[in-house]
Amino acid sequence: MPLRSVIAGVGSALPARRVDNAELAAQVDTSDEWIVERTGIRARYIAGEGETTGTLATDAARRALDNAGLDASQIDLIVLATATPDQTFPATATKVQTALGIPDCIAFDVAAVCSGFLYALTVADAMIRGGGAKNALVIGAETFSRILDWEDRGTCVLFGDGAGAMVLCASDDPDAGILATRLHADGRYNDLLYVDGGPSTTQTVGKLRMKGREVFRHAVTNLAAVLGEVLDAAGLTSADVDWVVPHQANARILDATARKLGLSPDKIVVTVDRHANTSAASVPLAFDVAVRDGRIKRGDLVVLEAMGGGFTWGAAALRY
Ligand code: UT7
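Since the structure is predicted, the reported quantities are computational estimates derived from the model, not experimental observations.

**Student:** Could you give an account of the sheet that holds strand β1 (residues 4–13), with specific residues and numbers?
**Tutor:** Adjacent strands of a sheet form backbone hydrogen bonds with each other and so pair up, either parallel or antiparallel. If you trace the five strands from one edge of the open sheet to the other, you get β1-β7-β6-β4-β5, paired in mixed fashion. The open sheet has two edge strands, β1 and β5 (106–110), and neither has a second partner. Between one strand axis and the next, the sheet turns through 20° on average, direction left out of account. Summarising the sheet, strand β6 (residues 135–143) and strand β7 (residues 161–171) pair through nine bridges and their orientation is antiparallel.

In structure tokens form, the structure reads like this:
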């Protein structure tokens, strides 16, 4: 049995259209000042015609495969985290499989909203360490612009579209790759962040609804706690951490969580300013940005964390 899943490659993709706060303020009763001060967001990317969760996921997956130096035919598992699939079914993961020309592999979607990538990574890591897969594509991809209520200024300014992917490979190296993961869910908080539609209830897709201030409060507490748990599980302390790649919901949540853990803000990868909140895509998208701009290097100890609708939340500690 392999001991670990190592991160062989990373990649990401964004829609062609970038929308800054000034452009939004021309359509919605908001301002650049309010958005920047309350969230740190300056711009987001919005999917256009022909761009879907599936196409963005496929582009990110191709870049991650390139980065890993692997051929798509070597992939035997695709786990795709999304709350905005192309269709209710089939799983968007099977669309990526077909687009990559993989005739046979395991392919399924995971629904844990903004923590979806942490859930997908944990499942893929367990399958690899259990011997059920050798080379996995783990993808977070979303087109939240399509479930936003563009009349609700409290939510529509906060989200964007995008995708990020990692290639995980089985390895016998005891010190590399994913060292520990921790996941949680608490469905008592369903009504603080949800979509008001669905196939089994309204037969509509629905729109995102959020009680932002309450989500914020829970996010800081839960994220600091799960980061502590995952470091304990890996036998590490915050002093060992080179980089934290957090879910990019709000710059103020990132600051508050870092403060609670006594982590320097210089160790936190922040991309919320340019991408806004891309839900399940945000962690792998930020990870890819930080690898490409030279911040995250091979051998670095990196901690990932996210929290979202459900609530669901989780963290992972890895040696890149
Ligand atoms: O990814 C899943 C996890 N999600 C999150 O982590 C989101 C967590 N929550 C947040 O990031 C913040 O709570 C928000 C950014 C959503 C909101 O910031 P806030 O400081 O909690 O503001 P608020 O909702 O309490 O609203 C303050 C004021 C209100 O006006 P009044 O009632 O004080 O007059 C809102 O109507 O700001 C107003 N407001 C806006 N003003 C201009 C709300 N949205 C806007 C807007 N532009 N876009």
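**Student:** Tell me about the site of the ligand, and name the residues and values.
**Tutor:** What surrounds the ligand is a group of 23 residues, the closest being Thr-30, Arg-38, Arg-213, Asn-250 and Asn-277. Between the ligand and Arg-38 there is a distance of 2.8 Å, counted from an oxygen atom to a side-chain nitrogen or oxygen. Arg-252 is positioned such that a nitrogen or oxygen atom in its side chain is 3.1 Å from an oxygen atom of the ligand. Bound to the protein, the ligand loses 74% of the 960 Å² it would expose on its own.

**Student:** Talk me through the domain arrangement of the chain; I want residue IDs and the actual numbers.
**Tutor:** By the assigned domains, the chain splits into domain 1 (4–171) and domain 2 (177–319). For domain 1 versus domain 2, the distance between C-alpha centres works out to 14 Å. On the domain 2 side, the residues contacting the 55 residues of domain 1 number 50 residues. Approximately 4,000 Å² of surface area, both sides summed, lies buried where domain 1 meets domain 2, with 64% of it carried by carbon and sulfur atoms. Viewed at the interface, domain 2 and domain 1 are joined by one salt bridge.

Definitions and limits used
Residues numbered from 1 in each chain as written. Predicted model: local features only at pLDDT ≥ 70, side-chain atom pairs only at ≥ 80, totals over all residues. Heavy atoms only, no water. Pairing = 2+ DSSP bridges. Helix = DSSP H or I, 4+ residues; strand = E, 2+ residues; numbered from the N terminus. Axes fitted to C-alpha atoms, helices over the stretch in contact; angles between N-to-C directions. Near = heavy atom within 4 Å. Polar contact = N/O pair within 3.5 Å; in protein donor to acceptor, adjacent residues only side chain to side chain. Areas by Shrake-Rupley, 256 points an atom, 1.4 Å probe, with all protein chains shown as cover. Domains from an automatic or database assignment. Contact = heavy atoms within 4.5 Å. Buried area = accessible area lost by both parts, 1.4 Å probe. Salt bridge = Lys/Arg side-chain N within 4 Å of Asp/Glu carboxyl O.

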